[in-house]
Amino acid sequence: MSTYNRLKEQFASVDPPRSLFPLLWLHGDERETEAVIRREIAAMDEGMCGGFVIESRPHNDYLGERWWQDIGYCLDEAANRSMDVWLFDEEYYPSGIAGGKVLAVNPDYRMQVLVKESFHWKADVDTANTNHHIAVDWTQILKIVCIPYKENNQLEPINRLAFYKQSDFEQWQINQMFIRSEQAWEVVYIGIRPSWSGRMYDLMVDYLCPEITDCFISVTYEATKEKVGHLFGSTIKGFFGDETSFENFGSYDVLFGMDTPCMPWSRVLLDSFKLEKGYDLLTSIESLWYEMDDSFETTRFDFMDVMTELFSTNFFGRIQAWCHANGLRFIGHVVEDNQAHMHHGYGPGHFFRTTRHFDFGGYDIVLRQVDSDLNRDPYSEHFPQFSNYRDQPNPDFFKFTLAKLAQSAAHLEIQTDLVMCENFGAYGWDLGMKEMKWLTDWQTARGTNWYVPHAFSPLFPDLDCPPHFYAGGNNPQWPFFHQWATYANRSCLMLRDADHVCSIAVLYPAESHWAGDDVQLDTVSKVLMEQQYDFNILSCDLLVDSTRSVIDQGQLIIGKEQFRTIILPGINTIPLQALERLEAFVRSGGQLIAIDHQPTKDCGGNHAAVISIAQKLGVLLEVTSISGLNDILSIGKHASVKLSQLNPDLRVCHYRKGELDIFFLNNESVYNKAMDLVSFQAEGAPELWYPMNGEQKPAVVYEQKDRYTILPIQLAPYEAVFVVFKPAERTENQLASYTLTEEQIYQIVLDQQGRFILLDCLNEADIPNHSWRITAISSPLSDAILENMEPLAGLGDWRQNASWDKFSGSVVYEADWETEITSDRSYTLDLGEVGEIATVSIDGTKLAPLLCPPYRVELPAELLLKHNVIAVEVTNTLGAYLREGGFNRDTPEPSGLIGPVTLACYTSRPLE
């Protein structure tokens, strides 16, 4: 069977290949019986999930007798249903501590951090010992630095003094007092102490030490192998690591400087640093806080360079090696909020050095970091209680960079097509199918094709980070979950086992950021996406590795990706080896674009060499402002899709699967229609594939010229489509002989005989509010329908009625409609605004539910009579019934059939 026929069959199937593996929360609660656990797994299977990931965080007996009992139920039920199981490798998060069991075995390996304490000292004023300023729990003082003050009370770091022994410092103090010095000093103690902040700080260990990672593997991975290892590689597919980061203190945003309370530390750091960098870190360690001299940037770069390599090799690398040796895969994600992907604190320091040891690309979306209403600020509007969760929210990072980091790790570092997202976590009970569908399209456009929906919980109500989709059958939207899941599975199918097509790489700026550059990765990502340029993010490590990245005739080739352009996102400081490699790329014919300025500094301190290369490149290194980036890119054929008019809300991606070119187009606006003549960089016969219902139909109108195919595309808010080009002979524009307006091009369809038919709207009319009557109210919640609920009067938001404020369930609206039935007429029902799922029935025959806007359906001609009863069943979310837990929107979404409801009559006529 050809790729086209196989994909066509799978896409149209009511049960396409499954790419959903949701979290299953286990608690160890007495209510969580074997029957309850098995019922929850059955629900996931019925909900079109291919398996599940067992989340251990809520369990009260992790790695204990009850844990293995519950795991046994899960594995047995999964095996009976041919479902795959993945296991969290940690009791809570971050992964690496086994809920404190690693520290219990190795109490001497408690995590330590590098700290400094400073105070003002002057010999003629302060004659007492100074170490009373130092916290009593310091493990070791590494260095004492005395920095003189200038007359203007500014520090003069170039004349600083350094002491490595307390006794030497005290002798210096005595000498200063003896000579009656009037010089004022900033005295800085630098040393190590146990971690005192961050998540799980009292359980954290020095997991940059290989022996500690091995202990973690023994406590968790080996223990699991002993209990259920016979299922490794069959039912059990692998382990899931969650958000392991440096954890030296609780911040996503701070890196170096005076605002940094502490730095990460490891007992293996000093020796590793000396071996790798050739000098003793202690000689300039104060530069992590103070801009002491011209070398402070190099010290900061060297510090992060060594720490992230230790993290990569000694933790993630050892875990992945164990998994592979046991026939398993290692998946998950690291913390990537704001700029933490290249920070310490709640970050891994370097996104790609950690994720190169995962077997999928991975990220998560939580707490409405991405929201369909893009005008809302993250966190603050929805969750004021989390206003201090991050220093400052960075919407552009979440919307334009986050998913691309995971996609790039998969395609470039790992060489896999699999890009995973743990999605919907802590969005609240207000999250329904409408938002889930929008988020699915958002992720598809960014290459995501393997989902971990968050979450399924056997307990109800479980207020921990909802939503929970089945909720013991109490979620009124559960009957529609399989429809969303089928949609998501079809979307994932199109990107699975496929090759990503793009010609632009953006250089990952972690090393530059460590050295102090104010980089513009998020801004560049935003501009590229809003101009419909797809891209990958390329690490310097991969760039300089000539065995994995090959320069050939103006292209940088990495696996199946081929880049003709590399963009430097506001980089001033760059590793010299990376720039040398970029020079070779340009000399071979590749394009190098620098935003705002060319590099002038080397991360390792050899600035003259960087300046020399930049000068030799001359005009071959194109420097532009961020606003001029599109002007440069538009000259080349970088866009797989070109628009005839600007639309920053239209997202695209381009993949090849076998002989097929596959494009995904998504309208991310929730307000405006996207309508344009779109040029696709592909030839052949275009077809439109719709994942909501599996429909596939040939494009009616298209024109091919200059290796592009021009197609009219019209997408309402919440609409998306796959455009599939199957190999075919080049065809001429069959409509060339017709005179058509631009509006008519979007109204042409093919009839069953293959003739061109033009649809004209004959009339539109609202079904008045007073015509609607409420005929049924239902809810899976036993206490949702109350005796004091007032009757609803027609259309509108039922939550505005105080007695309905907490109602979660379904309401059926009915209206009568009389019409003349003729063969040349068709009818479309537009429900207007709905909160939020609508199921239309014609005289008792239900049509497919509408999960999201546009709430519009063509009424089947075979169901229409002269007198018809139109029924609309509307189902809202659990957010009305469950307001507790702090995760719901401040302003709940409307509920009910709000309207206006419009009937449109269309006449059809063949084109003459």
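Each value, and the rule that gives it
- Residues numbered from 1 in each chain as written.
- Predicted model: local features only at pLDDT ≥ 70, side-chain atom pairs only at ≥ 80, totals over all residues.
- Heavy atoms only, no water.
- Helix = DSSP H or I, 4+ residues; strand = E, 2+ residues; numbered from the N terminus.
- Expected span 1.5 Å × (residues − 1).
- Buried < 20%, exposed > 50% of the residue type's maximum accessible area, 1.4 Å probe, protein only.
- Contact = heavy atoms within 4.5 Å.
- Salt bridge = Lys/Arg side-chain N within 4 Å of Asp/Glu carboxyl O.
- Polar contact = N/O pair within 3.5 Å; in protein donor to acceptor, adjacent residues only side chain to side chain.
- Phe/Tyr/Trp six-rings, centres within 6.5 Å; stacked < 30°, edge-to-face > 60°.
- Core = buried A, V, L, I, M, F, W, Y, C linked by side-chain atoms within 4.5 Å.
- Axes fitted to C-alpha atoms, helices over the stretch in contact; angles between N-to-C directions.
- Parallel < 35°, antiparallel > 145°, perpendicular 65-115°, else oblique.
- Left-handed = near helix turned anticlockwise from the far one by under 90°.
- Nonpolar A, V, L, I, M, F, W, Y, C, P; charged D, E, K, R; others polar.

Draft legend 1. Highlighting helix α3 (residues 65-80). Under the 1.5 Å per step criterion, the end-to-end length of α3 is 23 Å for 16 residues, consistent within 8% with the ideal 22 Å. For α3, the complete set of buried residues consists of R66, W67, W68, D70, I71, Y73, C74, L75, E77 and A78. At its buried positions, α3 is contacted by β1 (23-25), α2 (34-46), β2 (51-55), β3 (84-88), α6 (210-228) and β8 (236-242).

Draft legend 2. Structural view of the pattern of salt bridges. Within the structure shown, the criterion is met by 48 salt bridges. Of the charged contacts in the structure, one is a salt bridge between E286 and K143, with a shortest N-O distance of 2.8 Å. Here the residue E286 occupies a position in the loop between α7 (269-277) and α8 (296-325), and K143 occupies one in strand β5 (residues 140-148), the gap between them amounting to 143 residues. For K143, a relative accessible area of 1% corresponds to the buried category. E247 is paired through a salt bridge with R199; the nearest N and O atoms lie 2.5 Å apart. Of the two residues, E247 is situated in the loop between β8 and β9 (262-264) and R199 in the loop between β7 (184-194) and α6; the sequence distance between them amounts to 48 residues. Here E247 and R199 have matching classes, each one buried. What you see here is one network of salt bridges that share partners, running through D15, R18, E34, R38, D45, D76, E77 and R81.

Draft legend 3. Structural context of the side chain of D430. Tracing the chain through its elements places D430 in the loop between β12 (419-425) and α11 (433-444). Side chain to side chain, D430 and R883 meet in a polar contact 3.3 Å long. Apart from residues no more than four positions distant in its own chain, D430 is found in contact with R368, T877, G879, R883, N888, R889 and P892.

Draft legend 4. Geometry of the environment of T907. One can find T907 in strand β45 (residues 902-910). In sequence terms T907 and N763 are 144 residues apart; their C-alpha atoms lie 9.5 Å from each other.

Draft legend 5. Region of interest: the packing of aromatic side chains. One pass over the structure, following the stated rule, counts 57 aromatic pairs. Ring geometry for Y252 and Y346: centres 5.1 Å apart, planes at 65°, overall edge-to-face. In this pair, Y252 sits in the loop between β8 and β9 while Y346 sits in the loop between β10 (329-333) and α9 (351-355), placing the two residues 94 residues apart along the sequence. Here Y252 and Y346 have matching classes, each one buried.

Draft legend 6. Broad picture of α2. Helix length check: α2, at 13 residues, gives a terminal C-alpha distance of 18 Å against a target of 18 Å (1.5 Å per residue), a fit within 8%. When we look at burial in α2, the residues that qualify are V36, I37, R38, E40, I41, A42, A43, M44 and D45. Looking at the buried side of α2, the elements it contacts are β1, β2 and α3.

Draft legend 7. Up close: the nonpolar core. Judged by nonpolar contacts, the single largest core of 145 residues is most densely connected at F52, L114, F481, W484 and L528. For this core, the element with the most residues is α8, which contributes 12 residues. The contact partners of F52, leaving out residues within four places of it in the chain, are F21, P22, L24, I41, M44, C74, A78, M83, D84, V85 and W86.

Draft legend 8. Quick peek at the packing of α7 against α8. Relative to each other, α7 and α8 sit at 110°, their axes nearing to 10 Å. In terms of their interaxial angle, α7 and α8 are classed as roughly perpendicular. In this structure, the crossing between α7 and α8 has a hand that is right-handed. Taken together, the residues of α8 that come into contact with α7 (itself represented by L269, S272, F273, E276 and K277) are F301, D302, F303, D305, V306, M307 and L310. Here the residues of the contact of α7 with α8 sort into seven nonpolar, one polar and four charged.

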